[in-house]
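# Report on the structure
Chain residues, written in single-letter form:
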Amino acid sequence: VVLNYRIIGNPGEHNLQLNPLEAMRLAIEIAKKGTGFVSPNPLVGCVILSSDGELLAQGFHERIGEAHAEVQALAQIDDPEKLRGAHLYVTLEPCSHQGRTPACAVKLATLPIASVTYGLKDPNPLVSGQGAEILCKAGISVREMPELKDELEDLAEVFLTNMRSHRTFVTMKVAASLDGQIGLATGESQWITSAASREHVQYLRGAHDAVLVGANTFMRDNPRLNSRNTLFAEKEQKVVLVDPSGRTTERLIESELLKVRPMSSIFLVTRPGVKLSNHFDSIQHLEINEQDGILPWPLILAKLYENGIGSVFVEGGAYVYSQLLQASMVDRLFIYLAPKIIGAKGGLSWTQGLKIDQLNQALQLRRIHTRTFGPDVLFTGRFLAH
Ligand SMILES: NC(=O)c1ccc[n+]([C@@H]2O[C@H](COP(=O)([O-])OP(=O)(O)OC[C@H]3O[C@@H](n4cnc5c(N)ncnc54)[C@H](OP(=O)(O)O)[C@@H]3O)[C@@H](O)[C@H]2O)c1
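First, a word on scope: everything that follows refers to the structure included in this document. The structure displayed is predicted, hence computed values, not measured ones.

## Structural notes on the site of the ligand
By nearness alone, 27 residues border the ligand, and Thr217, Asp221, Arg247, Glu315 and Tyr319 come closest of all. The backbone of isoleucine 182 places a nitrogen or oxygen atom 2.9 Å from a nitrogen atom of the ligand. For the ligand, an oxygen atom lies 3.4 Å from a polar atom in the backbone of glycine 187. At five residues, helix H9 (residues 215–221) tops the list of elements feeding residues into the shell around the ligand. Looking at the shell around the ligand residue by residue, the classes come out as 15 nonpolar, seven polar and five charged.

The following block contains the structure:
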């Protein structure tokens, strides 16, 4: 069943009957509406069905600091009597602690609802299971729904990685020819993919906390790296430059990057001891110790997370792509393949620095989705151990 929140309209208007799986799928879909605005919180959706399975309300976590999904859904119910015997479906275990907003489990425990079905346990070991316990003690039937585990984990992937690994979630975006070239060795790379693909990239930039590039991509392309999608017009557009010697600062003042954001939205990652002039007083300068001549990605990603970046959208270049893959630090890949062939001789391969000696060591993309954008094909999926 493919449900789309847009065609449902006002809950209660259509007497729509949903079964538990449909209710959770709807909760997953509506949760996605918070994309780009909830960090460091997870995307969460909630659906409430009446005692006989009719859709009563739906809600999602819209913005950091604002109401949680459960509270949003409850706010749509005018008559509390409708909640008698109702069933609530929520993509993540209701929270048990007072954070920016009051604890949802405590609020739900006061209501005459019959059951709460949640998608994933709270990954924070300090609170995991406690929301469920509060509800059970109040006599509410509580169930975890394992059936949609992959979809639920994909929905909460940034939050799960942040919580489990204490580092920034990495999404890699590649625009390549059919034979895997991302440009010419001469540096020419604009444009390999179609305008439709590039428009989708604009959305994805806004969906992440920051866009990250290596020093050469900044120096060669002088990109803006902001999202021109109107959804994100008001959002702070952060950029991370990985540049051990700080050489990008020679061009930064006059760059396109600074035409569309303040200096304070730029994170410059260098080795220790790089001195910056007072023009760069407001830049976010992060220093990382080198190991074997490179800045180790696990340290970069842990430091970015400490500095409030829950997810990065990596836009190149070949060196950064290869290093990240080699370090097994890529969580999700978006690769747009254009129906063109460039050839390895004059081209620049996005995996040029990746060394695989045996086929069974090949990196395997899982939970794949494909989509077309004009003539291009997009593959997206996760690099997971199994
Ligand atoms: N089609 C596409 O999707 C796409 C996307 C982006 C870029 N591109 C193209 O790719 C080309 C640039 O690729 P590239 O491989 O030359 O360069 P790059 O990956 O953009 O930058 C590489 C440089 O960044 C620094 N760096 C990055 N990560 C580092 C780390 N962990 N440790 C140490 N240093 C690190 C190093 O600077 P130092 O040399 O100072 O040590 C390194 O030489 C451009 O021509 C661009 O147009 C294509």
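Next, the rest of the story.
## Considerations on a nonpolar patch on the surface
There is a patch of nonpolar side chains on the surface, built from Ile368, Val377 and Phe379 and spanning about 210 Å² of accessible area. Residue position: phenylalanine 379 is located in strand E16 (residues 376–383). For phenylalanine 379, a relative accessible area of 31% puts it in the partly exposed group.

## Re the packing of aromatic side chains
The final tally for this structure, using the stated rule, is four aromatic pairs. Pairing phenylalanine 37 with phenylalanine 232 gives two aromatic rings, centres 5.5 Å apart and planes at 25°, and the pair type is stacked. Of this pair, phenylalanine 37 sits in the loop between helix H2 (20–31) and strand E1 (45–49) while phenylalanine 232 sits in the loop between H9 and strand E9 (238–242); the two residues are 195 residues apart in sequence, bridging distant segments of the chain. Like phenylalanine 37, the residue phenylalanine 232 is buried in the burial classification. Between tyrosine 203 and phenylalanine 232 the ring centres are 5.7 Å apart and the planes differ by 50°, which places this aromatic pair in the tilted class. Placement of tyrosine 203 in helix H8 (residues 195–207) and of phenylalanine 232 in the loop between H9 and E9 is noted, with a sequence separation of 29 residues between them. An aromatic cluster is defined as three or more aromatic residues linked by ring pairs; in this entry it consists of Phe37, Tyr203 and Phe232.

Rules and cut-offs
Residues numbered from 1 in each chain as written. Predicted model: local features only at pLDDT ≥ 70, side-chain atom pairs only at ≥ 80, totals over all residues. Heavy atoms only, no water. Near = heavy atom within 4 Å. Polar contact = N/O pair within 3.5 Å; in protein donor to acceptor, adjacent residues only side chain to side chain. Helix = DSSP H or I, 4+ residues; strand = E, 2+ residues; numbered from the N terminus. Nonpolar A, V, L, I, M, F, W, Y, C, P; charged D, E, K, R; others polar. Patch = residues over 30% accessible without salt bridge, like charges linked within 9 Å, V, L, I, M, F, W, Y side chains within 5 Å. Areas by Shrake-Rupley, 256 points an atom, 1.4 Å probe, with all protein chains shown as cover. Salt bridge = Lys/Arg side-chain N within 4 Å of Asp/Glu carboxyl O. Buried < 20%, exposed > 50% of the residue type's maximum accessible area, 1.4 Å probe, protein only. Phe/Tyr/Trp six-rings, centres within 6.5 Å; stacked < 30°, edge-to-face > 60°.

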